[in-house]
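# A look at the structure
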Amino acid sequence: MFTDEYFMKMALHEAETALEKDEVPIGCVIISSNRVIARAHNLTETLNDVTAHAEMQAITSAANFLGGKYLRDCTLYVTMEPCVMCSGALSWSQISKVVIGARDEHRGFINKNLSLHPKTEIITGILENECSLIVKEFFKSKR
């Protein structure tokens, strides 16, 4: 049986890919039946598109893979807490579970008193230090 840490490491690998492209290093994977059905990282700079967040890319990819718009019985592993836009898309997708590496106190959806679909389970703090560090180091290098 695979663990949350196992899949979060895959999401971190996606974040590292984003970093190599000089994108904000956030990555995610979507799992169905212990199988990766989507993987993505931020592409906002590459695509010149403010909506090209890792979660948005992964939702589209997973929906295409499944052949439908709902991600029931799927889990999203994401290195950083989703923003309001991404949380809205996740809510509409009816994803079953969201596993978050690091919280985003400023732009994340949790402190904004927003929620996902009522049936969506949320877990935070998986590989939190690693997930937080890659983003902090990225922005430190930009200053």
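Residues numbered from 1 in each chain as written. Predicted model: local features only at pLDDT ≥ 70, side-chain atom pairs only at ≥ 80, totals over all residues. Heavy atoms only, no water.

### Examining the overall build of the protein chain
What the protein chain contains, in helices and strands, is 4 helices and 5 strands. Secondary structure elements of the protein chain, listed N to C terminal, follow the sequence α-β-β-α-β-α-β-β-α. The C-alpha atoms of the protein chain give a radius of gyration of 14 Å, which matches the 15 Å a tight globule of 143 residues would have. Here the C-alpha coordinates of the protein chain stretch approximately 40 × 30 × 30 Å along the principal axes. With 143 residues in all, the protein chain has 48% of them scored as buried. Within the protein chain, counting contacts between residues at least 6 apart in sequence, those at least 24 apart form 56% of the total. When the 15 positive and 18 negative side-chain charges of the protein chain are each reduced to one mean point, those points stand 4 Å apart. (Helix = DSSP H or I, 4+ residues; strand = E, 2+ residues; numbered from the N terminus. Rg over C-alpha atoms; globule rule 2.2 N^0.38 Å. Buried < 20%, exposed > 50% of the residue type's maximum accessible area, 1.4 Å probe, protein only. Contact = heavy atoms within 4.5 Å. Lys, Arg positive; Asp, Glu negative; His and termini not counted. Charge placed at Lys NZ, Arg CZ, Asp CG, Glu CD.)

### A short note on the packing of helix H2 (residues 54–66) against helix H3 (residues 84–93)
Where H2 meets H3, the closest approach of the two axes is 9 Å, and the angle between their N-to-C directions is 20°. By the angle between their directions, the pair H2 and H3 is classed as roughly parallel. The interaxial crossing formed by H2 with H3 has left-handed handedness. Side by side, H2 and H3 meet where Glu55, Met56 and Ile59 of the first sit next to Met85, Cys86, Ala89 and Leu90 of the second. For the contact of H2 with H3, the residue count by class is 6 nonpolar, no polar and 1 charged. (Axes fitted to C-alpha atoms, helices over the stretch in contact; angles between N-to-C directions. Parallel < 35°, antiparallel > 145°, perpendicular 65-115°, else oblique. Left-handed = near helix turned anticlockwise from the far one by under 90°. Nonpolar A, V, L, I, M, F, W, Y, C, P; charged D, E, K, R; others polar.)

### A look at the UniProt feature "active site" (unreviewed entry) in the protein chain
With numbering matched to this structure, UniProt assigns "active site" (unreviewed entry) to Glu55. In this fold, Glu55 is placed in helix H2. Taking relative accessible area as the criterion, Glu55 reaches 4% and is therefore assigned buried. Beyond its immediate chain neighbours, meaning those up to four positions away, Glu55 contacts Cys28, Leu76, Val78, Met80, Pro82 and Cys86. (UniProt positions renumbered as here; feature names shortened; annotations may be inferred.)

### Points about the environment of His53
Looking at the secondary structure, you find His53 in the loop between strand S2 (35–41) and H2. For His53, a relative accessible area of 21% gives the class partly exposed. Separated by 25 residues in sequence, His53 and Cys28 place their C-alpha atoms 9.8 Å apart. Leave out the neighbours within four places in its chain, and His53 touches Asn42, Thr44, Cys83, Met85 and Cys86. Side-chain polar atoms of His53 contact the backbone oxygen of Val50, separated by 3.3 Å. (Polar contact = N/O pair within 3.5 Å; in protein donor to acceptor, adjacent residues only side chain to side chain.)

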